[in-house]
Amino acid sequence: DDSEKRLELELVLEELPQGQLARWAMKMASSFIALIDAEDESEKQKILTQVRAIFRARLDDRASAYELRQAGFLAQQLSQQAKSPVSKYAARVFSQAVATAHMRGHAIVSADYAVKVINMQSPDDMKAVISERKQQIRLAKEWQKCINEL
């Protein structure tokens, strides 16, 4: 990992309100969903649909923290059912993003799992890691800019 880029990301994420942070995490995680290779594709889609619906409901104050935690456990099933290590960690990117709607600290964990996936796909490729961190930072700054314009 690039510790300077990670710190830069943390500082930008600290500035985002909870709802925007959760939306950032889900947007960032969305590019890793295709890497989740579940045994049953229809079951994977069913879980993704259910979890996303509860995630959105939580952000709109239509779901409780308990319901979100239950959705998080459901999302973790994708990691448990994964057929490869890359898939397992891609699923963790998603499940941690979901948990961000309840607790801020899950956002950086989701971002770190994303870097782990990149490291697994391209071992010893620091350029790929830095590119992922820059993308995470760029996306977070876009959310920050939207807030500043309000």
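Scroll up a little and you will see the structure.
Residues numbered from 1 in each chain as written. Predicted model: local features only at pLDDT ≥ 70, side-chain atom pairs only at ≥ 80, totals over all residues. Heavy atoms only, no water.

Engineer: How should the overall build of the protein be read in this particular structure?
Structural biologist: Looking only at helices and strands, one finds seven helices and zero strands in the protein. Helices and strands appear in the protein in the N-to-C order α-α-α-α-α-α-α. Relative to its length of 150 residues, the protein is compact, with a C-alpha radius of gyration of 15 Å against a globular reference of 15 Å. Based on the C-alpha atoms only, the size of the protein along its principal axes is roughly 40 × 40 × 20 Å. Out of the 150 residues belonging to the protein, those deemed buried represent 41%. Summed over its atoms, the accessible surface of the protein is roughly 8000 Å², and 50% of this surface lies on carbon and sulfur atoms. When the 22 positive and 21 negative side-chain charges of the protein are each reduced to one mean point, those points stand 2 Å apart. (Helix = DSSP H or I, 4+ residues; strand = E, 2+ residues; numbered from the N terminus. Rg over C-alpha atoms; globule rule 2.2 N^0.38 Å. Buried < 20%, exposed > 50% of the residue type's maximum accessible area, 1.4 Å probe, protein only. Areas by Shrake-Rupley, 256 points an atom, 1.4 Å probe, with all protein chains shown as cover. Lys, Arg positive; Asp, Glu negative; His and termini not counted. Charge placed at Lys NZ, Arg CZ, Asp CG, Glu CD.)

Engineer: In this structure, what is going on with the packing of helix H4 (residues 65–80) against helix H5 (residues 85–99)? I would like to understand it.
Structural biologist: For any two helices packed against each other, one specifies the crossing angle of their axes together with the interaxial distance. At a closest axis distance of 8 Å, the pairing of H4 and H5 adopts a crossing angle of 175 degrees. By the angle between their axes, H4 is roughly antiparallel relative to H5. For the pair H4 and H5, the contacting residues are Leu-68, Gly-72, Ala-75, Gln-76, Leu-78 and Ser-79 in the first and Lys-88, Ala-91, Arg-92, Phe-94, Ser-95 and Val-98 in the second. Grouping the amino acids of the contact of H4 with H5 by side-chain chemistry returns six nonpolar, four polar and two charged. (Axes fitted to C-alpha atoms, helices over the stretch in contact; angles between N-to-C directions. Parallel < 35°, antiparallel > 145°, perpendicular 65-115°, else oblique. Contact = heavy atoms within 4.5 Å. Nonpolar A, V, L, I, M, F, W, Y, C, P; charged D, E, K, R; others polar.)

Engineer: Please clarify how the pattern of salt bridges should be interpreted in this entry.
Structural biologist: Should their charged atoms come close, side chains of opposite charge can pair. Under the definition given, this model contains eight salt bridges. Here Lys-5 and Glu-8 are joined by a salt bridge, their closest N and O atoms 3.5 Å apart. Within this pair, Lys-5 and its partner Glu-8 are both found in helix H1 (residues 3–15), separated by three residues, close to a single helical turn. When its relative accessible area of 27% is taken as the criterion, Glu-8 is described as partly exposed. The shortest N-O distance in the salt bridge between Arg-133 and Asp-112 comes to 2.6 Å. Placement of the pair is Arg-133 in helix H7 (residues 126–149) and Asp-112 in helix H6 (residues 106–121), with a sequence separation of 21 residues. (Salt bridge = Lys/Arg side-chain N within 4 Å of Asp/Glu carboxyl O.)

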